[in-house]
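Chain residues, written in single-letter form:
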Amino acid sequence: MTDSIERFQREATQRERLSSLGRLSTVVAHEIRNPLMIIKSALRTLRRENVQPDQVRAVAHDIDEEIARLNRIVAEVLDFARPIKFDLAPANLNALARDAVRAADAGVAHAKVKLDLDTTIPDVTTDAERLRLALVNIVGNAIQAVDSRETPADGDPIRLRTAKITSRRVAITVTDKGMGIAPEDLPRVFDPFFTTRRTGTGIGLAISRNIIEGLGGRITVSSERNRGTEVRIELPMQPPATA
Ligand SMILES: Nc1ncnc2c1ncn2[C@@H]1O[C@H](COP(=O)(O)OP(=O)(O)OP(=O)(O)O)[C@@H](O)[C@H]1O
Ligand SMILES: [Mg+2]
């Protein structure tokens, strides 16, 4: 019974992925045009006769950034177009969480992420690299949300908690006291390319959901404007066989 429910959920996810691919292509075309225009104008600067060395450096940096953005878009579209091939192995969830926080926190010394780790969790079978990527995205969002608040909140601005919830499932929650999400935006946060940030691409949560659901888990977001946001991930300790 559990198996057939899991299979149904997997197939539903697959169907959703294919239909969102149709919608995705129009958005992708639009998303690709932006970086291309920036690269084109950078090249125009380089072609000027009296271009200065520091201008060359600045423009090279712009081109580099835009190429990275294009690469991210391509990688994301590929992950949507075909089921992700996961690389499964036993992993220590707490070590992985600590690692992800360190990566997301890099250079943002004031963003204190408090870790609340359940040390009774046994190793989980997962794709550590991809799960880590999902957590980096989610913690990164929390840091940005806290930074965008007008007045700092009391207490720990961000908390990452791990917990064993049943003999077969674990949960990871990331709670922040950031700016929160407007109720009308909440249903769209997982949409590819939905962003409210000036420099955002809007694919962090789309990627993260793809990964978590591919590993047989689920991810939910709840939020209150100006109070904060909670992202909750539930994962089976052993992903379904075809994950
Ligand atoms: N912790 C959070 N607090 C407030 N808003 C959030 C939070 N997490 C996500 N959001 C909202 O969801 C949107 C989509 O998030 P997502 O991570 O997919 O994209 P992004 O952060 O805007 O860009 P990217 O991750 O591609 O750089 C964000 O622009 C923001 O509006
Ligand atoms: Mg993000």
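Right above here is the structure, for reference.
Residues numbered from 1 in each chain as written. Chains lettered and ligands numbered in written order. Predicted model: local features only at pLDDT ≥ 70, side-chain atom pairs only at ≥ 80, totals over all residues. Heavy atoms only, no water.

Caption draft 1: Structural view of the pairing of strand S4 (residues 158-164). Across 4 bridges, strand S2 (residues 113-116) lies against S4 in parallel orientation. Within S4, the position partnered with Val113 by the bridge is Ile158. Note: S4 against strand S5 (residues 169-176), 7 bridges, orientation antiparallel. Across the sheet, Lys164 pairs through a bridge with Val170, a residue of S5. As consecutive antiparallel partners, S4 and S5 are separated by 4 residues. (Pairing = 2+ DSSP bridges. Helix = DSSP H or I, 4+ residues; strand = E, 2+ residues; numbered from the N terminus.)

Caption draft 2: Highlighting the nonpolar core. Counting 43 residues, the largest nonpolar core has Val139, Leu160 and Ile233 as its most contacted members. Within the residue set of this core, elements represented by two or more residues are helix H3 (93-105), helix H4 (128-147), S4, S5, helix H5 (204-214), strand S6 (218-224) and strand S7 (228-236). Here this core takes 7 residues from H4, the largest share from any one element. Excluding its chain neighbours within four sequence positions, the residues that come into contact with Val139 are Val101, Ala104, Val113, Leu160 and Val174. (Core = buried A, V, L, I, M, F, W, Y, C linked by side-chain atoms within 4.5 Å. Buried < 20%, exposed > 50% of the residue type's maximum accessible area, 1.4 Å probe, protein only. Contact = heavy atoms within 4.5 Å.)

Caption draft 3: Examining the sheet that holds S4 more closely. Read from one edge of the open sheet, 5 strands run S2-S4-S5-S7-S6, paired in mixed fashion. Of all the strands in the sheet, the pair left with one neighbour each is S2 and S6. When the angles between neighbouring strand axes are averaged without regard to direction, this sheet yields 15 degrees. Pairing between S5 and S7: 8 bridges, direction antiparallel. Note that in S7 the partner of Arg169 across the bridge is Pro236. Sheet strands in contact with H3 are S2, S4 and S5, and its direction is about 165 degrees off that of S4. Its contacts with the sheet place H4 against S2, S4, S5, S6 and S7, and it is angled at close to 25 degrees to S5. (Axes fitted to C-alpha atoms, helices over the stretch in contact; angles between N-to-C directions.)

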